[in-house]
Amino acid sequence: MIIFDHVGKKYEGGFQAVQDVSFQIERGELLVLIGPSGSGKSTTMKMINRIIPHTTGTIRVNGKDNTTYNPSELRRNIGYVIQQVGLFPHYTIAQNIALVPQLKGWNEKAIEERVEELLLLVGLDSELHASRYPKELSGGQQQRVGIARALAAKPDILLMDEPFSALDPITREELQKELLTLHEQLDITIVFVTHDMDEALTMGDRIAIMKDGRLLQLDTPEKLLYEPAHGFVEQFMGKHRIIQNPELMPVTEIMAETVTTAHPNLSPERALSLIRQKKITDLLIVDRQSKLLGAVSAYDLIKKMDHIQTIEEIMTPIQPILTTKATSKDAIILMDEAPSGLIPIIDDTHQLIGLVTRGSLLTAMSSQWTEEVVS
Ligand code: ADP
């Protein structure tokens, strides 16, 4: 657990970057810090492991004032991932991951086992990657190594400073999903800084919105959308703001009617080219009567395509689903349970007639859109 109690940061030169911030991060929570550039989110995060020392107030980490820890000890016990990855170029992937365990004095064998376990955990093949150098890996793979390295010494807190901002959209979504899965598996507290509201809404158990060094609101994504506590929060949610009465808006009015679908007998190669061409993360599978059968994710497809003949072999059932009678409010509520941010809309005969995605839901319900409809 991390507790900020009236914390402030005044930089040398007198600039007050963070002002009187108080909040609590529960154990096992994924908290997103978001705000415009310069709002103090990075400073706030970096004060947790004292990369930046706070100047007023108290920060408690696992029950203890963080100024009472030895600073290097504190940093070794808190994983840290940044946008530029920061791998050492002349160290192999295995050596990069082994750094902190070595500093902590683990024995060779324990380190070797841990490196292998971590590469597997972040979806890299240890035989293929352990002895390579960072520049021989793609940006996404390097960031996977960055995460593995941060987790190496089994920290119970992970700080992530815009970790996926430099990645292309597909890799970024893939890593977002994987981080959520890792988070579920590991019972680790994550503090995640981003300036991207889509990312915040996808990742956060709760989201803290900052402006001018102050914490304006800290709430669940739904609460922020329904009840922005502050004019700036409302404005900052911008296109994400939910209109007044989503319970009155039929889901059929906000769904996309043109949905990319495929039949189950499609080859994995053609499915992948379709996914790339349409820039989608999941392909919905329908039969000849347009009845919804399931879905195939780009991620699964890439992983398993060498071992299958048709996409039917890796098709999974899709949940949740809504019918044409549902309202937009149903979609908002259910979106939380939609692992890939998609909710297919079907009619009484199970025919696929549309799709609500997290992105389209948020866009469709924006204030601009309401104005357009009203006028
Ligand atoms: P964010 O992460 O929200 O973009 P930061 O926490 O990085 O914001 O910065 C908050 C404010 O503090 C900014 O105005 C920035 O210019 C200022 N700041 C950051 N680092 C320093 C520093 N070392 N000295 C003086 N001001 C700084």
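Residues numbered from 1 in each chain as written. Predicted model: local features only at pLDDT ≥ 70, side-chain atom pairs only at ≥ 80, totals over all residues. Heavy atoms only, no water.

Novice: So what exactly am I meant to see when it comes to the overall build of the protein here?
Specialist: When helices and strands are counted, the protein shows 15 helices and 16 strands. Reported as C-alpha extents along the three principal axes, the dimensions of the protein are approximately 65 × 55 × 30 Å. Across the 375 residues in the protein, those meeting the buried criterion constitute 49%. For the protein, long-range pairs separated by at least 24 residues make up 63% of all intrachain contacts whose partners lie at least 6 apart in sequence. Carbon and sulfur atoms make up 50% of the accessible area of the protein, which amounts to about 18,100 Å² in all. When the 37 positive and 50 negative side-chain charges of the protein are each reduced to one mean point, those points stand 5 Å apart. (Helix = DSSP H or I, 4+ residues; strand = E, 2+ residues; numbered from the N terminus. Buried < 20%, exposed > 50% of the residue type's maximum accessible area, 1.4 Å probe, protein only. Contact = heavy atoms within 4.5 Å. Areas by Shrake-Rupley, 256 points an atom, 1.4 Å probe, with all protein chains shown as cover. Lys, Arg positive; Asp, Glu negative; His and termini not counted. Charge placed at Lys NZ, Arg CZ, Asp CG, Glu CD.)

Novice: I keep staring at the pattern of salt bridges and nothing clicks. Help me out?
Specialist: Opposite charge on two side chains allows them to pair when their charged atoms are near. Applying the stated rule across the entire model yields 13 salt bridges. With its nearest N and O atoms 3.1 Å apart, the salt bridge here joins Arg-172 to Asp-196. Placement of the pair is Arg-172 in helix H7 (residues 169-186) and Asp-196 in the loop between strand E8 (189-194) and helix H8 (197-203), with a sequence separation of 24 residues. For Arg-172, a relative accessible area of 16% corresponds to the buried category. Several salt bridges converge on common partners, so that one network encompasses Arg-144, Glu-174 and Glu-178. (Salt bridge = Lys/Arg side-chain N within 4 Å of Asp/Glu carboxyl O.)

Novice: Explanation requested: the site of the ligand in the structure shown.
Specialist: Lining the immediate surroundings of the ligand are Tyr-11, Phe-15, Ala-17, Pro-36, Ser-37, Gly-38, Ser-39, Gly-40, Lys-41, Ser-42 and Thr-43. Between an oxygen atom of the ligand and a main-chain N or O atom of Gly-38, the distance comes to 2.7 Å. Separating an oxygen atom of the ligand from a side-chain N or O atom of Thr-43 is a distance of 2.5 Å. Protein burial of the ligand: of its 560 Å² of free accessible surface, 60% is covered by the chains. With 3 residues, helix H1 (residues 41-46) is the largest single contributor of residues to the shell around the ligand. (Near = heavy atom within 4 Å. Polar contact = N/O pair within 3.5 Å; in protein donor to acceptor, adjacent residues only side chain to side chain.)

Novice: It is not clear to me how the UniProt feature "domain: CBS" (unreviewed entry) in the protein should be interpreted in this structure. Could you clarify?
Specialist: UniProt feature "domain: CBS" (unreviewed entry): in the numbering of this structure it lies at residues 255-313 and 315-372. For residues 255-313, the end-to-end C-alpha separation is 28 Å, with 31% helix and 22% strand making up the annotated structure. (UniProt positions renumbered as here; feature names shortened; annotations may be inferred.)

Novice: Help me understand the nonpolar core in this model?
Specialist: The nonpolar side chains of a soluble globular protein tend to be buried with one another. Among the nonpolar cores identified, the biggest contains 44 residues, and Ile-97, Met-160, Phe-192 and Ile-209 are the most heavily contacted of them. Considering each element in turn, this core owes the most residues, 5 residues, to helix H6 (residues 139-151). Contacts of Phe-192, omitting those with residues within four sequence positions, involve Leu-30, Leu-31, Val-32, Leu-33, Met-160, Pro-163, Phe-164, Leu-179, Glu-199 and Met-203. (Core = buried A, V, L, I, M, F, W, Y, C linked by side-chain atoms within 4.5 Å.)

Novice: Whenever I open this one, the sheet that holds strand E12 (residues 282-286) confuses me. Can you help?
Specialist: Whenever strands of a sheet pair, they do so through backbone hydrogen bonds, lying parallel or antiparallel. Ordered in space as E11-E12-E13, the 3 strands form an open sheet in which the pairing is mixed. Of all strands in the sheet, those with a lone pairing partner are strand E11 (261-262) and strand E13 (292-297), marking the two edges. When E12 meets E13, the two strands line up antiparallel, connected through 5 bridges. In the sheet register, Leu-283 faces E13, and the bridge partner there is Val-296. (Pairing = 2+ DSSP bridges.)

Novice: Teacher, can you tell me more about the packing of aromatic side chains here?
Specialist: In this description, a pair of aromatic rings is defined by centroid distance and the angle of the planes. Evaluated as defined, the whole model comprises 3 aromatic pairs. Seen from their ring centres, Phe-4 and Phe-23 are 4.6 Å apart, and the 15° between their planes marks the pair as stacked. In this pair, Phe-4 sits in strand E1 (residues 2-10) while Phe-23 sits in strand E2 (residues 16-25), placing the two residues 19 residues apart along the sequence. One exposure class covers both Phe-4 and Phe-23, and it is buried. On the basis of an interplanar angle of 40° and a centroid distance of 5.5 Å, the ring pair of Phe-88 and Tyr-91 is categorised as tilted. Taking the relative accessible area as the measure of exposure, Tyr-91 reaches 36% and is therefore partly exposed. In this structure, Lys-64 packs its charged tip against the face of Tyr-69, placed 4.4 Å from the ring centre. Seen from the ring of Phe-232, Lys-211 lies directly overhead, with NZ or CZ sitting 5.2 Å from the centre. (Phe/Tyr/Trp six-rings, centres within 6.5 Å; stacked < 30°, edge-to-face > 60°. Lys NZ or Arg CZ within 6 Å of the ring centre and 35° of its normal.)

Novice: Where do I start with the pairing of E2 in this structure?
Specialist: Two faces, one strand: in a regular strand the side chains alternate between the faces of the sheet. Strand direction decides the pairing type here: E1 and E2, joined by 6 bridges, are antiparallel. Note on E2: the bridge partner recorded for Ile-2 is Ile-25. Between E1 and E2, which follow one another and run antiparallel, lie 5 residues, and Gly-13 among them has a positive phi close to 105°.

Novice: Where do I start with the sheet that holds strand E15 (residues 342-346) in this structure?
Specialist: The strand order across the open sheet formed by 3 strands is E14-E15-E16, and the pairing between neighbours is mixed. Either end of the sheet is taken by a strand with one partner, and the two such strands are strand E14 (322-323) and strand E16 (352-357). Direction of pairing for E15 relative to E16: antiparallel, over a ladder of 5 bridges. Across the sheet, residue Ile-345 finds its bridge partner in E16, namely Gly-354. Sitting on the sheet, helix H13 (residues 328-335) touches E14, E15 and E16, and the angle it makes with E15 is about 140°. (Axes fitted to C-alpha atoms, helices over the stretch in contact; angles between N-to-C directions.)

Novice: Would you mind going over the environment of Pro-344 with me for this structure?
Specialist: Looking at where Pro-344 falls in the secondary structure, it is placed in strand E15. Exposure remark for Pro-344: the relative accessible area of 0% places this residue in the buried category. Setting aside anything within four residues of it in sequence, one finds Pro-344 in contact with Leu-284, Leu-292, Ile-318, Pro-320, Ile-321, Leu-322, Leu-352, Gly-354 and Leu-355.

Novice: What should I look at first to understand the packing of H6 against H7 in this one?
Specialist: Two numbers describe a pair of packed helices, the interaxial angle and the distance between the axes. Closest axis-to-axis distance for the H6/H7 pair is 11 Å, and the angle between their directions is 20°. By the angle class used here, H6 and H7 are roughly parallel. Here H6 and H7 pass one another in a crossing that is right-handed. Contacts between H6 and H7 involve Gly-140, Gln-143, Arg-144, Ile-147 and Leu-151 on the former and, on the latter, Thr-171, Glu-174, Leu-175, Glu-178, Leu-182 and Leu-186. (Parallel < 35°, antiparallel > 145°, perpendicular 65-115°, else oblique. Left-handed = near helix turned anticlockwise from the far one by under 90°.)

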